[in-house]
Amino acid sequence: MDIPVFILAGLLVHCVFLVSIFDIYFSSPLVHGMTPQQTPLPPPAKRLVLFVADGLRADSLYELDSNGTARAPYLRSILENNGSWGISHTRVPTESRPGHVALIAGFYEDVSAVAKGWKENPVEFDSVFNESKYTWSWGSPDILPMFAKGATGDHVYTFCYAAESEDFGAEDAAKLDIWVFDHVKSFFNSSRSNQTLFSSLNEEKVVLFLHLLGIDTNGHAHRPNSREYQENIKQVDEGVKEIASLIDNFYGNDGKTAFILTSDHGMTDWGSHGAGHPSETLTPLIVWGAGVNYPQKVTTQFFEDNFLKEWKLENLKRLDVNQADIAPLMASLIGVPFPLNSVGTLPLEYLNTSALFKAESMFTNAVQILEQFKVKMSQKKETTLSILFTPFKPLSASEQINYLKKIRLYIEQQKYDEAISLCKTLINLALEGLSYYHTYDRLFLGLSIAVSFVGWTTYVILVIIKAHTNLTKTIPANKKKSTLLFYGFASAGMIITFFLLIQTCPWTYYIYCLLPVPVWYAVVKEIPVIQGLATNVLSLHIGQSAGFLLVCILGIEILVFSFFYRSALSVGLLVFSGWPVITQLWIQAKTKALIWTLLCVLLAIFPLMPVVGREPNIPLVIAAGLLTILISFFSLTSLCKSENKYRDNEDLKVYFYQMFSVALSTYVVGSTHNSLKIKQGLPVMNQIISWMTLVFSPVLLLLSPTFLFERLFSILLSLMSTYLLLSTGYEALFPLALFGLMFVWINMEQEALQHYGLSLKPKLAVFNFTCTMDITQFRQLHLDDVRRSFFFVFFIVTAFFGTGNIASINSFDPASVYCFLTVFSPFMMGGLLLLKVAIPFVLVSCAFEAVQVTTQLSSKSLFLIVLVISDIMALHFFFLVKDYGSWLDIGTSISHYVLVMSLTIFMMVMNGLAQLLTTRRLGLPRRNKHHSM
């Protein structure tokens, strides 16, 4: 197979592997075509006021200050005297859009929303707002429009401030909440002189939604333990008190208003959210007003956490709910149909209504979820052959009728507790059934992908053995056998297609199920290679073969383990530090071996450090910048002293520009963070310098000479100037330590080549990346090249996890991008954070490119070994993906698989980028000098 065709095939196969996980585990759970279900009795409330304090943690609201006073006195008095309270448990991803969808629509959003940045509606859904007579909402332009767009008709009204107001560097983000409260007040005042609005406000089934983003913005900018965050809670408390009083007065204290205060997600101590840490998933819920239970006094209550004692609330009954349960609670309070896609269970303990109302509401809830189950079942039945269809037995058609009849009979007999209990059983069964049909094809699709995975990895191993080793002889192809083989696989493909066609399967199923056919055809075509390899392996010493295989397996397992425990990388690096001793390389290169060992030990410290972003440490970033400049001066001095007839003095200017760029970045980081500290925002000049550095540093790099060490040094300076701008702590030192080790690695590989007598040692000082190596000089692969490739994969994983667990969304610190922007922009911020992750990756890729070129290997051969290692890792993670257990486990397992698959695709791209960065040079007017190695 030609190299371009092979790379293209590899990219396509890996893209299929990556996308498959979303189809298998993350397809949209929503179904359409259900009948709306509504409680037949009059509701307790005419209107509902929903306050969502974005990013408010449960402990931040409920705990008392150091002097024993409540942080939110009004809300504290409500839960002690007027209403019910508890904790609302959110799910991963703990982001604003999925949180609001769970609260208002009653279902947990699937990952397809990520592609839209959780702003637009990737799928249509119903919500409490849509079912209401009128909804008025005030707040963020990121949240409000999606519920207006999803609504049928013109009855959901939004009032938003400008997106630019969401500035993490602003003086005080509490102004966002003050804006909301002020606009609500003026809205009610203006309604007195607007008869149409006044009569609309006096209708039943009205919702008022106040989205309060200040707490979240202050949490990101200053951390949840800051004075700003806690002051903002007090301001929200006062605002809620004023609005509640205003509304009660407006309606003449008619006692027909229900109030709910909650949050969409919490926040970690370091000011981020997105993952499943309790500080992110535990949010407050306080409900009071019409139809709501008063505080219930208890003597004892048991919860696994010890919050009740800390919060001095052990004697008030705590009523915990899942976040999606709040939607049916709101629907029940104002008597609107339950949102069609809601999977929440009505929390009856919050209701202060008759037993009949509770039973009828619970029955409505059960029928509404059962409706979804029935639609899901009929959809699956239509797309599956009747002989292959396995129904969900606990809820067969007869069982459904049985349950509904029993519940109705209990209600008629006034056995309300029994009716409610049976409703809960039916809800649980319907949810189980929904999950059963939602994951119906999972095993079948998973097996197809796994078979493709094994086939692809086998094929790559065969390509390596055939093209880059002497283990097999070229055997002429048997045309008759080849034709027979082709028709056999083509027939298998046609049979699979026919089966999928008659079941009207989605088009993606065709890709997943047909992919194993060409992959395994390519493998089976290479049977002579397999036979030749088997003969060679059998002739080897069994102990040696088994030992080599064991070391390979152990190495890959350490890599897999490092995704869960970063400290595994430290153990690996300490083992690496002993490599020169184990292989006796230190005898011929004592100084290099000593430096290698010291740098391995130094780099091993980083994975043991806490995850980046927990505690900003700007002096360390400045120190890293100064250290880079110091190292540059020493390197330039030695460069000037060395006599290289090919060097041009013009080249030195490029290094001085790059050093100036590093110095400028160091200044900008210190200056920006000082400015933000004193709440003066991001200085415009600093922002301009940051963006210019980002754009022009790669250009400066391409102006530098292409001699091996000089170009690598230039790459370090260019990347460091950008990396410093994205750093907030000790991670700024990481690229320096990593580059040092990469530099020594290139030298050590030369010693290894000599040690094994594979080739003569080239002069690295005058080695030029642009010298095209004669293809006849490429050597065949040696067992030591497997070790080389493993080193590369290990260093790549170290580059990823060295300063944090990037598999977890909450390890990203928004403060990293404050030199570039402070106004909330998820895609721009995400792009900059990904660039930060990629920079150490580029350093390792460029060093690996140097290793390949200087060890006289074609880049394809080593890269193929890397591909095999990463694919075996990916197969591990494919089987480790889970959709049960805690949401933290589920999220982590999926992000690990996505990460390792992206890594493989990314490495293909990086391979090309490394070649570009090492070999290309932008031409400036100068005297041409020629050099051949």
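Conventions adopted
Residues numbered from 1 in each chain as written. Predicted model: local features only at pLDDT ≥ 70, side-chain atom pairs only at ≥ 80, totals over all residues. Heavy atoms only, no water. Helix = DSSP H or I, 4+ residues; strand = E, 2+ residues; numbered from the N terminus. Contact = heavy atoms within 4.5 Å. Areas by Shrake-Rupley, 256 points an atom, 1.4 Å probe, with all protein chains shown as cover. Phe/Tyr/Trp six-rings, centres within 6.5 Å; stacked < 30°, edge-to-face > 60°. Lys NZ or Arg CZ within 6 Å of the ring centre and 35° of its normal. Core = buried A, V, L, I, M, F, W, Y, C linked by side-chain atoms within 4.5 Å. Buried < 20%, exposed > 50% of the residue type's maximum accessible area, 1.4 Å probe, protein only. Pairing = 2+ DSSP bridges. Axes fitted to C-alpha atoms, helices over the stretch in contact; angles between N-to-C directions. Expected span 1.5 Å × (residues − 1). Bend = angle between axes of the 7 residues up to and from the residue. Salt bridge = Lys/Arg side-chain N within 4 Å of Asp/Glu carboxyl O. pLDDT = per-residue confidence, 0-100. Parallel < 35°, antiparallel > 145°, perpendicular 65-115°, else oblique. Left-handed = near helix turned anticlockwise from the far one by under 90°. Nonpolar A, V, L, I, M, F, W, Y, C, P; charged D, E, K, R; others polar.

**Quick notes on the overall build of the protein chain**
Within the protein chain one finds 34 helices and 8 strands. If you take every contact in the protein chain between residues at least 6 apart in sequence, the share linking residues at least 24 apart comes to 80%. When the accessible area of the protein chain is evaluated, it comes to approximately 39,800 Å², of which 63% is carbon and sulfur surface.

**Some details on the environment of lysine 185**
In this fold, lysine 185 is placed in helix α7 (residues 174–191). If we ignore the near neighbours within four places in the chain, the residues touching lysine 185 are Glu242, Ile243 and Leu246.

**With respect to the packing of aromatic side chains**
What describes a pair of aromatic rings is the distance from one ring centre to the other and the angle between the planes of the rings. Tallied over the full model, the rule gives 63 aromatic pairs. Through a chain of ring-to-ring contacts, the aromatic side chains of Tyr134, Trp136, Trp138, Tyr157, Phe159, Phe187, Phe188, Phe198, Phe250 and Tyr251 assemble into a single cluster. One Lys or Arg, arginine 91, reaches over the ring of tyrosine 108 and ends 3.9 Å from the middle of that ring. Positioned above the aromatic ring of phenylalanine 303 is the side chain of arginine 318, whose terminal nitrogen or guanidinium carbon lies 3.8 Å from the ring centre.

**Overview of the nonpolar core**
Ranked by size, the top nonpolar core spans 149 residues in total, and within it Trp596, Trp745, Phe795 and Met873 carry the most contacts. In terms of residue count, the dominant contributor to this core is helix α32 (residues 826–854) (15 residues). In contact with tryptophan 745, not counting residues within four places along its chain, are Trp596, Arg787, Arg788, Phe791, Phe792, Phe795, Ala847, Phe848 and Val851. The next biggest cluster of nonpolar side chains, apart from the first, holds 69 residues, and it includes Leu50, Val101, Val321 and Ala430.

**Describing the sheet that holds strand β7 (residues 282–289)**
Strand order in the open sheet formed by 8 strands is β4-β3-β5-β1-β6-β7-β2-β8, and the pairing between neighbours is mixed. The sheet terminates laterally at β4 (156–160) and β8 (321–322), the two strands that pair on one side only. Contacts from α7 reach β3 (134–139), β4 and β5 (206–212), with the element oriented near 155° to β5. The sheet contacts of helix α10 (residues 227–250) involve β1 (47–53), β5, β6 (257–262) and β7, and relative to β6 the element is tilted by about 170°.

**Focus on helix α28 (residues 684–703)**
A turn of α-helix holds 3.6 residues, and therefore any two residues three or four places apart point the same way. In this model, α28 (20 residues) spans 29 Å end to end at C-alpha, consistent with the 28 Å of a helix rising 1.5 Å per residue. At phenylalanine 696, α28 is deflected by roughly 35°, the largest bend along its length, and proline proline 698 occurs up to four residues later in sequence. Along α28, the residues that are buried comprise Asn686, Ile689, Ser690, Thr693, Ser697, Leu700, Leu701, Leu702 and Leu703.

**Things to note about the pattern of salt bridges**
Enumeration over the complete set of coordinates arrives at 21 salt bridges. Glutamate 63 is the salt-bridge partner of arginine 71, the closest N and O atoms lying 3.0 Å from each other. Overall, the relative accessible area of 6% leaves arginine 71 in the buried class. With its nearest N and O atoms 2.7 Å apart, the salt bridge here joins glutamate 731 to lysine 836. Residue glutamate 731 is found in the loop between α29 (708–725) and α30 (734–755), and its partner lysine 836 is found in helix α32; the two are separated by 105 residues along the sequence. In this structure glutamate 731 comes out as buried when scored by relative accessible area, which is 1%. Look at lysine 836 and you get buried, because its relative accessible area is 10%. Beyond isolated ion pairs, a larger network of salt bridges with shared partners links Glu63, Asp65, Arg71 and Lys234.

**A look at the confidence of the model for the protein chain**
Per-residue pLDDT for the protein chain averages 85, and the proportion of residues at 70 or more is 88%. This stretch, residues 114–119, has a pLDDT under 50; its non-local contacts, to residues over four places away or in other chains, come to 16 contacts. Below a pLDDT of 50 lies the segment residues 927–933, which in the model reaches 12 contacts outside its immediate sequence neighbourhood of four places, other chains included.

**Some details on the environment of glutamate 204**
Its place among the elements puts glutamate 204 in the loop between α8 (195–201) and β5. The exposure class assigned to glutamate 204 is partly exposed, which follows from its relative accessible area of 44%. The sequence separation of glutamate 204 and arginine 47 amounts to 157 residues, and the corresponding C-alpha distance is 6.2 Å.

**With respect to the packing of helix α15 (residues 397–412) against helix α16 (residues 416–438)**
It is at 8 Å that the axes of α15 and α16 come closest, and there the two elements cross at 160°. Taken together, the axis directions place α15 and α16 in an arrangement best described as roughly antiparallel. Between α15 and α16 lies a crossing whose hand is left-handed. Between α15 and α16, the contacting residues are Tyr403, Leu404, Lys406, Ile407, Tyr410 and Ile411 on the first element and Tyr416, Glu418, Ala419, Leu422, Cys423, Thr425, Leu426 and Leu429 on the second. Of the residues in the contact of α15 with α16, the class split is 11 nonpolar, 1 polar and 2 charged.

**Let's talk about the packing of helix α25 (residues 590–605) against α30**
Two quantities define a packed helix pair, namely the angle between the axes and the distance from one axis to the other. Put simply, α25 and α30 touch, their axes get as near as 9 Å, and they point 150° apart. Crossing geometry of α25 relative to α30 is assigned as left-handed. Contact residues: Lys592, Ala593, Ile595, Trp596, Leu599, Cys600, Leu602 and Leu603 in α25; Phe734, Ala737, Leu738, Gly740, Leu741, Val744, Trp745, Asn747, Met748 and Glu751 in α30. Of the residues in the contact of α25 with α30, the class split is 14 nonpolar, 2 polar and 2 charged.

**Overview of the pairing of β1**
β1 sits mainly inside the fold: 7 of its 7 residues count as buried. The alternating pattern of β1 places Arg47, Val49, Phe51 and Ala53 on one face and Leu48, Leu50 and Val52 on the opposite face, and all of these are buried. Here 7 bridges tie β1 to β5, and the two strands are oriented parallel to one another. Within the sheet, the bridge partner assigned to alanine 53 lies in β5 and is leucine 212. Sheet topology places β1 next to β6; 6 bridges connect them, and they run parallel. Looking across to β6, one finds that phenylalanine 51 is bridged to leucine 261.

**A look at the environment of leucine 708**
Tracing the backbone through its elements, the reader meets leucine 708 in helix α29. A residue is classified by how much of its surface remains accessible, and leucine 708, at 0% relative accessible area, is buried. Taking C-alpha positions, leucine 708 is 7.9 Å from threonine 918, a pair spaced 210 residues apart along the chain.

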